[in-house]
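Structure assessment
Chain by chain, the residues:
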Amino acid sequence: MSARVVVLISGTGSNMAALMEAAKDPAYGAEIVAVGTDREGTRGVEAARAAGVPTFVVPFRSYSDRSAWDRAMSDRIAEHEPDLVVSAGFMRILGPAVVGRHQAVNIHPALLPSFPGAHAVRDALAHGVRITGTTIHFLDEGVDSGPIIDQVAVPVEDGDDESSLHERIKVVERRMLVDTVGRLSREGWSIDGRHVRFGRTDTKENR
Ligand code: GAR
């Protein structure tokens, strides 16, 4: 049986689109059961609707504070009974109501723990690094701080600006995301402290 995956996005949704494409193959092991967003009218959410995937919108401004928004987001996710939540270009920090209830992974356009936060590509360029990349990690209650599952390096080229570098990162990011979500769905995983392993074992934290 395929794993039930809810994808969270805030913008273009090119990573979400790559996952939806992969999930067309029943052997992939994951089914995208819903796409959630914090903002209406983005390209990503329109594309999900056009593909016939159920969507939900939980606008930040409709709630009195961050924890009320977080609880609403958690409840909307739960309606779809996911085995895994994938934050793929979701630009708000998910709090304890989501992270404590759902197994969730996030992609980040830098080699964590370098350059966490909302402007990772810009920050890496400003710092003058020659190598950056992308990370997929489990979410915890910190900012881009949870256990790392996989990383892929991307060299910075002379003359790169934020947009050119981010586009090259996104090419490898989509591959990494599709590969990782497929493996998590088919093989399961265990987490031992900061270390993630594919495959089901007998440890207490086995999922
Ligand atoms: C991706 O590069 C993702 O890593 C990044 O947003 C982009 C979304 O692209 N996420 C973050 O920066 C989260 N802090 P997409 O909408 O085309 O998939």
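Preceding block: the structure.
Residues numbered from 1 in each chain as written. Predicted model: local features only at pLDDT ≥ 70, side-chain atom pairs only at ≥ 80, totals over all residues. Heavy atoms only, no water.

**Remarks on the sheet that holds strand β4 (residues 84-87)**
- Spatial strand order, β3-β2-β1-β4-β5-β6-β7: seven strands in an open sheet with mixed pairing. The strands lining the two open edges of the sheet, one partner per strand, are β3 (55-57) and β7 (148-155). Looking at each pair of strands side by side, their axes are set apart by 20 degrees on average, direction ignored.
- With three bridges joining them, strand β2 (residues 30-37) and β3 adopt parallel strand pairing. From the neighbouring strand, Thr37 faces β3, where its bridge partner is Val57.
- Sitting on the sheet, helix α3 (residues 66-78) is in contact with β1 (3-9), β2, β3 and β4, with an inclination near 170 degrees to β3. (Pairing = 2+ DSSP bridges. Helix = DSSP H or I, 4+ residues; strand = E, 2+ residues; numbered from the N terminus. Axes fitted to C-alpha atoms, helices over the stretch in contact; angles between N-to-C directions. Contact = heavy atoms within 4.5 Å.)

**Details of the pairing of β1**
- Counting buried positions over the seven residues of β1 gives six, a clear majority of the element.
- Sheet topology places β1 next to β2; seven bridges connect them, and they run parallel. Across the sheet, the residue bridging to Leu8 is Gly36, located in β2.
- Remark: the β1/helix α1 (residues 14-22)/β2 crossover connection has right-handed handedness.
- Of the strand pairs in this sheet, β1 and β4 are connected by four bridges, and their pairing is parallel. Opposite Val7, over in β4, you have Val86 as the bridge partner. (Buried < 20%, exposed > 50% of the residue type's maximum accessible area, 1.4 Å probe, protein only. Right-handed = clockwise from strand over helix to strand, strands pointing away.)

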